[in-house]
Amino acid sequence: MRADTRRMRAAVWYGARDVRIAEVDVPAPERGEVLIEVAYCGICGSDLHEYADGPHAIPVGEPHPGSGATAPLVLGHEFCGTVVALGPSVIGLVIGDRVAVEPNYRCGACPRCRAGEYNICRHFGFAGLMGNGGMAEYVAIPAYMAHRLPEDVPLEQAALFEPASVALHALRRAGATPETVTVVGLGPVGLLTVRLAAERNVRRIFAVDVSSARLDRAAGLGATDLIDARTEEGVGERIRELTGGEGVDAAFEVVGSERALRTCLAATRRGGRVVLVGLAPQVSLDTFALVNNEQSIVASVGYRDTYPELIRLVGERGLDLTPVVTSTIALDGLIPHGFEALLGGPGHQIKILVDPAAHRDRVDPLVPCAAAAGTATQPTSARGGGAETGSPRS
């Protein structure tokens, strides 16, 4: 840790289109917490929604009952770093440990927590949405969120464990490992679903998107068949044709739209399963066909018990998650080079990592930074174990 730890720089959410790169107090870890010096924090689709037209998950006015946080608060739930201080009663971690952060709060007492299903805890939530997160030089988190990394797992890989966990949990929700799958939507989670399906030796992986660049990236991650939804009519029917009229065992909807869901159902065989990962507010379905085909639709929210498997896959089997990363930026560049670049549409950017310790000179000096540097009141700290149910779409 640097010598002066009283102040730090952080991306603080005040409201829609009002995220400030501000100087705030470095939090002191309380009982059961650790202080993390953040190495990387990824930008998630949930961060974009909060920036563009929030609040959605961020508590405003009334503190969240589990985290105790209200806006303004620090964004960022996809992060990793190094333990630099321990609060009272922390065991199993020491200063200097490199850790991947599983950022979900859980109460540990509700029926679902007691059943081990903490991702659907009654008070579930995420640091960086319902409490202070990792778009800062330092963050204090409950110690249970920190997974120690072995030496053979780089922080550059650990920065992607959160979106990879969303993909891994979705694959688990598909049931027994399928032989054929379709992934509709090739954002970071869709691409990581392709990569982890290939890691599981899925024989045939259909990747569907409207971006040729993302389709090319999916091919490099293990997709066997690429379908451009801009030029292909009846994508689901085409996939059925390519599988001899049968359809795939499982399809993953990673867009959040009725059209994508219909594509998934059309591509899936009788008795197959469609996993909803994207967040569509409302859809209309042909339930007659659904019943007659005995297809199942299951939801996948967040993740649970995924980090140990990802640590093993990266450390022991050499799984590389970093091909989804297209840029690493300094905190000063968060607005122009992060949020606005991603909101500008499906360009070349896919997953952008923020390095809070990077010197501000790393921001392109030709592009003015829209974020206001200055001072801010200390955001309310995240304390405790719960938040609203929801899943960031990374």
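These numbers were taken from a predicted model, which means no experiment stands behind them. (Residues numbered from 1 in each chain as written. Predicted model: local features only at pLDDT ≥ 70, side-chain atom pairs only at ≥ 80, totals over all residues. Heavy atoms only, no water.)

### Details of helix 4 (residues 161–173)
Selection criterion: In DSSP terms, a helix is any run of H or I states spanning at least four residues, a strand is any run of E spanning at least two, and both are numbered starting from the N terminus. The span one expects for a helix is its residue count, reduced by one, times 1.5 Å. Relative accessibility under 20% of the residue-type maximum defines a buried residue, over 50% an exposed one, and the middle range a partly exposed one, all with a 1.4 Å probe and only protein chains included.
Here helix 4 spans 18 Å end to end across 13 residues, near enough to the 18 Å set by a 1.5 Å rise per residue. Among the residues making up helix 4, those that are buried are F161, E162, P163, A164, S165, V166, A167, L168, H169, A170 and L171. A positive backbone phi angle near 90° is found at G175, which sits one or two residues after helix 4.

### Section: helix 5 (residues 188–199)
In this model, helix 5 (twelve residues) spans 16 Å end to end at C-alpha, consistent with the 16 Å of a helix rising 1.5 Å per residue. Looking at helix 5, one finds that the buried residues are P188, V189, G190, L191, L192, T193, V194, R195, L196, A197 and E199. N201 sits one or two positions beyond helix 5 and adopts a positive phi of about 65°.

### Some points on the packing of aromatic side chains
Quick note on the threshold: Pairing of aromatic rings covers Phe, Tyr and the six-membered ring of Trp, with a centre-to-centre limit of 6.5 Å; geometry is then stacked below 30 degrees between planes, edge-to-face above 60, and tilted otherwise. Geometrically, a lysine NZ or arginine CZ counts as sitting over a ring once it is within 6 Å of the ring centre and also within 35 degrees of the ring normal.
Applying the stated rule across the entire model yields five aromatic pairs. Measuring from centroid to centroid gives 5.9 Å for F161 and Y307, while their planes differ by 90°, and the two rings are edge-to-face. Taken together, the residues F161 in helix 4 and Y307 in helix 10 (residues 307–317) connect sequence positions 146 residues apart. With respect to burial, F161 and Y307 carry one shared label: buried. Above the ring of Y118, the side-chain terminus of R106 is found at 4.0 Å from the ring centroid.

### Considerations on the packing of helix 4 against helix 5
Where we set the bar: Between N-to-C directions, angles span 0 to 180 degrees; the directions come from axes that are lines fitted to C-alpha atoms, helices contributing only their stretch in contact. Any angle that is under 35 degrees is reported as roughly parallel, and any over 145 degrees as roughly antiparallel; angles of 65 to 115 degrees are reported as roughly perpendicular and all others as oblique. The sense of a crossing depends on the near helix, which, turned anticlockwise from the far helix by less than a right angle, makes the crossing left-handed and, turned clockwise, makes it right-handed. In what follows, residue pairs with any heavy atoms lying within 4.5 Å of each other are defined as contacts. Note that Gly is not counted as nonpolar here; it falls among the polar residues with everything else outside the nonpolar set of Ala, Val, Leu, Ile, Met, Phe, Trp, Tyr, Cys and Pro and the charged set of Asp, Glu, Lys and Arg.
Where helix 4 contacts helix 5, the two axes come as close as 8 Å, and the packing angle between them is 60°. Between helix 4 and helix 5, the crossing angle belongs to the class labelled oblique. Between helix 4 and helix 5 the crossing geometry is right-handed. Contact with helix 4, carried on its side by P163, A164, V166, A167, L168 and L171, involves V189, L192, T193, L196 and A197 of helix 5 and no other residues of that element. Within the contact of helix 4 with helix 5, the residues separate by chemical class into ten nonpolar, one polar and no charged.

### Observations regarding the pattern of salt bridges
A side chain with one charge may pair with a side chain of the opposite charge, provided their charged atoms come close. Stated formally: Note on definitions: salt bridges are taken to be side-chain nitrogens of Lys or Arg within 4 Å of carboxyl oxygens of Asp or Glu.
All chains considered together, the criterion is met by 19 salt bridges. In this structure, D25 engages R7 in a salt bridge whose closest nitrogen and oxygen atoms are separated by 2.6 Å. Highlighted residues: D25 in strand 2 (residues 18–25) and R7 in strand 1 (residues 7–15), separated in sequence by 18 residues. By relative accessible area, which is 33% here, D25 ends up partly exposed. According to the relative accessible area criterion, R7 is partly exposed, its value standing at 27%.

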